[in-house]
Amino acid sequence: MFNIRRYSTADHDDIWRLHLLVISAAGVEPTHQHYHDIFHIDEQYLESGGDFLVGTGQNGVVVAMGGLKKLDEETAEIKRLRVHPSFQQRGYGQMMLTKLEQRAKELGFRHIYLDALTNQLGAKKLFLNNGYAHRGASVIDGFWINVYEKSLTEAK
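Residue positions are given per chain, counted from 1 along the sequence in the order it is written. A pLDDT threshold of at least 70 governs which residues receive local features in this predicted model, and a stricter bar of 80 or more applies before side-chain atom pairs are shown or counted, although totals over entire chains, interfaces and linings include all residues. Side-chain measures here rest on the full set of heavy atoms in the structure, leaving out hydrogens and waters.

(A) Spatial organisation of the pairing of strand 3 (residues 62-70). Per-residue accessibility, obtained with a 1.4 Å probe over protein chains only, is compared with the maximum for each type, and a residue is labelled buried under 20%, exposed over 50%, and partly exposed between these values. Secondary structure elements follow DSSP: runs of H or I of four or more residues count as helices, runs of E of two or more count as strands, with numbering from the N terminus. In terms of burial, strand 3 is largely enclosed, as eight of its nine residues are buried. Across six bridges, strand 2 (residues 51-56) lies against strand 3 in antiparallel orientation. Residue pairing across strands places G55 opposite A64, the latter belonging to strand 3. In textbook terms, the turn of a hairpin is the stretch between consecutive antiparallel strands, and for strand 2 and strand 3 this stretch comprises five residues, one of which, N59, has a positive phi near 65 degrees. Whether two strands pair depends on DSSP finding at least two bridges between them. In this structure, strand 3 lies alongside strand 4 (residues 75-83), joined through six bridges in antiparallel fashion.

Right, dumping it as structure tokens:
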């Protein structure tokens, strides 16, 4: 069983642990300061016109997460899309991405932007399979990332 719901402050410790586990698996130093937004989900996501969702498995354990951050009136960025390594390859990433896109449409966004480390090949496949266009590679905070973009007004 997999359930997606809105983040609650009671989820904070669970999402922080999930975040650390996933970025460590991707080869990123867990103390990197780039992830400050996870400590301010209410302000960074919920109160600024976006959303933050968690996916729970059996017994309500958080096994996935993803944020929708408002960039401007028409554009949102999907951030912190994570699935616990023990729960990957079960479609949870797809379900989270679909729900985040649905929320983006409900909130009136017309474009989605996101990025992923260049070594996250599963993420690359997920995004390309869902109609995201690869817009190139870039360096952010010393990390090589792939940048993706999608219009929410076009048919898949």
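(B) View of the nonpolar core. By size, the foremost hydrophobic cluster in this structure holds 24 residues, and its most contacted members are I78, L81, L97, I112, L114, F127 and Y132. Of all the secondary structure elements, the ones that give two or more residues to this core are strand 3, strand 4, helix 3 (92-106), strand 5 (111-117) and helix 4 (121-129). Sorting elements by how many residues they give to this core places helix 3 first, with five residues. With residues up to four places along the chain from it excluded, the contact list for Y132 reads I78, L97, E101, I112, L114, F127, Y148, E149 and K150. In terms of nonpolar packing, the next biggest core, distinct from the first, is built from twelve residues, I15, L18, V22 and I41 among them. Take the buried residues of types Ala, Val, Leu, Ile, Met, Phe, Trp, Tyr and Cys, join any two whose side-chain atoms come within 4.5 Å, and each joined set is a nonpolar core. Residues are treated as being in contact if the distance between any of their heavy atoms lies within 4.5 Å.

These figures capture arrangement, not role.
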